[in-house]
Amino acid sequence: MNFTHTEAAPQAVGPYSQAVEIAGFVYTSGQVGLDPTSQTLVEGGFDAQARQVMKNLEAVLDAAGCSFDDVVKSTIYVTDMGNFAILNQIYAEAMGDHRPARSTVEVSALPVGALVEIDMVARVR
């Protein structure tokens, strides 16, 4: 088992790794819209946080030797399903033509007051 760490994504806010590689797959921890430098949520509401989440995930996947093209499953947690349309737009922009399996769930709260959190599973190239 290999643990992934990159300074290009926020540091873990608990006892976990940014990602773990095992049996040919990378499992990312959930990413929220934290700026990796300041470790604070980006300003600008849901749109800005969702874009930062995708940047953070891209950095973690890159550190693990993967990209969005290698993602086989995403799980998305939002605090308001009313943001579903904007989420789809931002997600589609980041993923391009790649369409992995995905679940989206509304939750009552997320760490550090985030509005969206995403984790991914990707195959190792």
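A brief structural summary. Throughout this description, residue numbers start from 1 for each chain and increase along the sequence as written. Residues qualify for local features only when their pLDDT is at least 70, as the model is predicted, and side-chain atom pairs are given and counted only at 80 or more; totals for whole chains, interfaces and linings, by contrast, use all residues. Hydrogens and water molecules were not included; the side-chain quantities draw on all heavy atoms of the structure.

Some words on the packing of helix H1 (residues 45–63) against helix H2 (residues 84–95)
Running from amino to carboxyl end, H1 crosses H2 at an angle of 30°, the nearest separation of the two axes being 10 Å. As judged from the angle between their axes, H1 and H2 are roughly parallel. The chirality of how H1 crosses H2 is right-handed. Contact with H1, carried on its side by Phe 46, Asp 47, Ala 50, Arg 51 and Met 54, involves Ile 86, Leu 87, Gln 89, Ile 90, Tyr 91, Glu 93, Ala 94 and Met 95 of H2 and no other residues of that element. Axis angles are defined between N-to-C directions and span 0 to 180 degrees, where every axis is a line fitted to C-alpha atoms and, for a helix, only to the segment in contact. Numbering goes from the N terminus for both helices and strands, where a helix is a DSSP run of H or I of at least four residues and a strand is a run of E of at least two. Small angles under 35 degrees read as roughly parallel and large ones over 145 as roughly antiparallel, with 65 to 115 read as roughly perpendicular and the rest as oblique. By the definition used in this description, the sense in which the near helix is turned from the far one sets the handedness, with an anticlockwise turn below a right angle giving left-handed and a clockwise turn giving right-handed. Pairs of residues are marked as contacts when any of their non-hydrogen atoms sit within 4.5 Å.

Description of H1
Between its first and last C-alpha atoms H1 spans 27 Å; for 19 residues at 1.5 Å apiece the expected length is 27 Å, and the two agree. Lining the buried residues of H1 we find strand S1 (2–4), strand S2 (19–22), strand S3 (25–28), strand S4 (71–78), H2 and strand S6 (116–123). Two residues or fewer after H1 comes Gly 65, characterised by a positive phi angle close to 85°. To estimate the expected span of a helix, count its residues, drop one, and scale the result by 1.5 Å.

Observations regarding the sheet that holds strand S5 (residues 101–106)
Two strands are said to pair when DSSP picks up at least two bridges between them. Pairing is mixed in the open sheet, where six strands are placed in the order S1-S2-S3-S6-S4-S5. Strands with a single pairing partner mark the edges of an open sheet, and in this sheet they are S1 and S5. Across the sheet, the mean angle from the axis of one strand to that of its neighbour is 15°, orientation sign disregarded. Relative to S6, S3 runs antiparallel, the two sharing three bridges. The partner of Val 26 across the bridge, within S6, is Ala 122. Running at roughly 25° to S6, H1 makes contact with S1, S2, S3, S4 and S6 of the sheet.

Overview of unusual backbone geometry
Here Ala 23, not a glycine, exhibits a phi torsion of approximately 55°, which is positive. When you line up the elements, Ala 23 lands in the loop between S2 and S3. Accessible area is worked out with a 1.4 Å probe on protein chains only. A residue is then buried under 20% of its type maximum, exposed over 50%, and partly exposed in between. Residue Ala 23 is classed as exposed on the basis of its relative accessible area, which comes to 70%. Its identity is not glycine, yet Gln 39 carries a phi of approximately 60°, on the positive side. Its place among the elements puts Gln 39 in the loop between S3 and H1. For Gln 39, a relative accessible area of 29% gives the class partly exposed.

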